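These are the residues of each chain, in order.
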Amino acid sequence: MSCCIHPSILSADFVNLEAELGRIKTADAVHVDVMDNHFVPNLTLGLPVVERIQAVSAVPLDAHLMIADADRWAPLYADLGLASVTFHAEAATAPVKLARELRARGSKAGMALRPATAVEPYLDMLAELDMLLVMTVEPGFGGQSFLDLTLRKIRRARAAVDGSGAKVAIQVDGGISASTIERAAEAGADVFVAGSAVYGADDPGAAVEQLRGLAEGAARGRVQSS
Ligand code: DX5
Ligand code: ZN
């Protein structure tokens, strides 16, 4: 079972982003948190900055849009040529249409759920998605503690994805560290966002490899015992 680690640049030094990207060459993608101070009570960066990050990053970009009016804005991120664009289900009026639009523009389509949003209403649209993001903290800030209450949702999402036959990655984001990543992997996640655990380390590239090793070990255990 291969697991992907996506460091979040929310915990990087925003004044030296290009150098900070160079410290995570072992990553599978770089996670870019876009916040608008409406959908979440925090503000980060928008289209022009993401466009520049995309231009200089050797690692593909995974944008996580914590913004209102996702139907309007998310396609513009796909137009930048990002590898994947994830919108929040709670911020989209027409998630099926939006997921199709993202794919049509060449990005993988991701949809995120806040911790209290159930996955069940969305199960019929799994085939429209390349990635389902189960938030493991309330979105808005890095450095929060992993919410164990999300593990049951990860398990239900994994069972539904496996049962559907659709190829949908299950991403987790928030509080992922060496002490929590195995729990999330055992529950069925296979893509892991980590901000403070990567950029807070002396060697972010080594931290990525350590996290991947832990996740893959736990994921193997899950597959063997199922
Ligand atoms: C939170 C963001 C996360 C955040 C994760 O709303 O979506 O991507 O950067 O940071 P850590 O890993 O520190 O919880
Ligand atoms: Zn995120």
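Located above this text is the structure these notes cover.
First, a word on scope: everything that follows refers to the structure included in this document. Fair warning: this is a prediction, and the values are worked out from it, not measured in the lab. (Residues numbered from 1 in each chain as written. Chains lettered and ligands numbered in written order. Predicted model: local features only at pLDDT ≥ 70, side-chain atom pairs only at ≥ 80, totals over all residues. Heavy atoms only, no water.)

As for the sheet that holds strand β8 (residues 191-194)
Reading across from one edge, β1-β8-β7-β6-β5-β4-β3-β2 is the order of the eight strands in this open sheet, with parallel pairing throughout. Every other strand in the sheet has two partners, leaving β1 (4-7) and β2 (30-35) as the edge strands with one partner each. Shown here is a sheet whose adjacent strand axes are inclined to one another by a mean of 25°, direction ignored. Bridge analysis of strand β6 (residues 131-135) against strand β7 (residues 169-173) gives five bridges, and the strand direction is parallel. Note that in β7 the partner of V134 across the bridge is V172. Contacts between helix α4 (residues 95-104) and the sheet are confined to β4 (84-88) and β5 (108-113), with β4 contributing the most and set at about 165° to the helix. Each of β5, β6 and β7 touches helix α5 (residues 151-164); the most contacted strand, β7, lies at about 165° to it. (Pairing = 2+ DSSP bridges. Helix = DSSP H or I, 4+ residues; strand = E, 2+ residues; numbered from the N terminus. Axes fitted to C-alpha atoms, helices over the stretch in contact; angles between N-to-C directions. Contact = heavy atoms within 4.5 Å.)

Some thoughts on the nonpolar core
Ranked by internal contacts, the top residues of the largest apolar core, which has 70 residues, are I9, M111 and F192. Here M111 is in contact with T86, F87, A89, P95, Y122, M125, L129, M131, L132 and L133, once residues within four sequence places are set aside. (Core = buried A, V, L, I, M, F, W, Y, C linked by side-chain atoms within 4.5 Å. Buried < 20%, exposed > 50% of the residue type's maximum accessible area, 1.4 Å probe, protein only.)

Structural notes on the coordination of the zinc ion (ligand 2)
Metal coordination angles in their ideal form are 109.5 degrees for the four-donor tetrahedron and 90 or 180 degrees for the six-donor octahedron. Looking at the zinc ion (ligand 2), one finds its protein donor set to be H31 (NE2), D33 (OD), H64 (ND1) and D173 (OD), positioned 2.1 to 2.3 Å from the metal centre. Taken together, the six donor atoms coordinating the zinc ion (ligand 2) span angles of 71 to 172° at the metal, a pattern that classifies the geometry as octahedral. All donor residues of the zinc ion (ligand 2) come from one chain, and their arrangement in sequence is H-x1-D-x30-H-x108-D. When sorted by exposure, H31 lands in the same class as D33, which is buried. (Donors = N, O, S within 2.8 Å, 3.2 Å for Na, K, Ca; no water. Tetrahedral: all angles 85-135°; square planar, octahedral: opposite > 155°, others 65-115°.)

Structural measurements only, silent on function.
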